[in-house]
Every structure is written in structure tokens, then in C-alpha cells.
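# Fold and contact review
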Amino acid sequence: WRTEKKHAEAEESIKLMRCALGCLQDAIALCKPGTRFRDLGEVIQQRADSDGFGVVKDFCGHGIGTLFHCAPNVPHYAGNKAVGAMQPGMTFTIEPMVNAGTRKCVTWPDGWTAVTMDGKKSAQYEHTLLITATGVEVLTARTETSAPLW
């Protein structure tokens, strides 16, 4: 019984991780000049909802520039009000956090560590992207020698 329970928990964890990675990949597939940043949240939310998981609204992707976490803001949930559209030369992150339980998080006193409010598992994958004249380049793409994800 104990082995079966551990196996089921592992399978659910892998499902959560695959969902989070799929959310990221779905959003990257939309990236090109003219795409509105708010549209990324729609595809991320659709994937998470269809897999039975929640998307964290407390954190978002962000621009990469001379300031830490600068514009544009890249929310990962449907119905967001992010402004702006992608233009060649823009560099930003997409980093959806997908939770097995509630979408709500709590930040620890260190001001950095965030955990799910209900203590259930969360998964997150992130890439840094550059919008080109014809599409997108994933600046942090995995290589043939990258360690397996699971």
C-alpha cells in the first residue's frame, strides 16, 4: 500500500511539472512581434485549468534590462490587464507558477521565499526570450547536454 501511495504521489508531481512546462511552451509559441503580453496569460490559464491545476497570480514574468524586474509585466493568468505588445528587441521572461491546490501564496519573512497557502506542491519553469523581427529566440533554451527534467 505504501509503495502504491508513493507511486501515485510521484505521478501527480510529474503531471504538475509537465503542466507547468506545457504552460511555458504554449506561451512561448505565441511570442512574435505584435502579440499582446496579456494574451500569454490566456493560454497558460487554459492549459492549467484543463489539467486541473491553479495558476499563481501574485507573481509575473518581467522585462530584462538595466533594472531588476522591469517592464513589461507578463501575467500568467487569464483576464489580466497587461499593457503593450511585443516588439523586436524586447527581452523578457515567462515563468508561470502552477499549483496543485490553491493559487494563493504566502511570502516568508525573508521577503523572497514564496510557498502555497495550503502547503500543496507547486511547479515553475522559466525562460528568457528575445523578440526578433520574425519571431522569438529562447535565450535560456536547454541544450543536448542539459540534465533531464524528470
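Values in this document were obtained by computation on a predicted structure and should not be read as measured data. (Residues numbered from 1 in each chain as written. Predicted model: local features only at pLDDT ≥ 70, side-chain atom pairs only at ≥ 80, totals over all residues. Heavy atoms only, no water.)

This next bit is on the packing of aromatic side chains. Scanning the entire structure with this criterion turns up 1 aromatic pair. Look at Phe37 and Phe92: their rings are 5.1 Å apart centre to centre, the planes differ by 85 degrees, and that puts the pair in the edge-to-face class. Residue Phe37 is found in helix α2 (residues 37-51), and its partner Phe92 is found in strand β4 (residues 91-94); the two are separated by 55 residues along the sequence. Just as Phe37 is buried, Phe92 falls in that class too. (Phe/Tyr/Trp six-rings, centres within 6.5 Å; stacked < 30°, edge-to-face > 60°. Helix = DSSP H or I, 4+ residues; strand = E, 2+ residues; numbered from the N terminus. Buried < 20%, exposed > 50% of the residue type's maximum accessible area, 1.4 Å probe, protein only.)

Below, the discussion takes up the pattern of salt bridges. Tallying each qualifying case throughout the model produces 2 salt bridges. Between Arg47 and Asp26 there is a salt bridge, and its shortest N-O distance comes to 3.1 Å. Placement of the pair is Arg47 in helix α2 and Asp26 in helix α1 (residues 2-30), with a sequence separation of 21 residues. Residues Arg36 and Asp39 are paired through a salt bridge, measuring 2.9 Å at the closest nitrogen-oxygen approach. (Salt bridge = Lys/Arg side-chain N within 4 Å of Asp/Glu carboxyl O.)

In this section: the pairing of β4. Neither face of β4 is left uncovered, since the one carrying Thr91 and Thr93 and the one carrying Phe92 and Ile94 both have all their residues buried. As paired elements, β4 and strand β9 (residues 127-131) share 4 bridges and run antiparallel to each other. Bridge pairing in β9 links Phe92 to Leu129. (Pairing = 2+ DSSP bridges.)

Interpretation note: all reported values are geometric properties and have no functional meaning in isolation.
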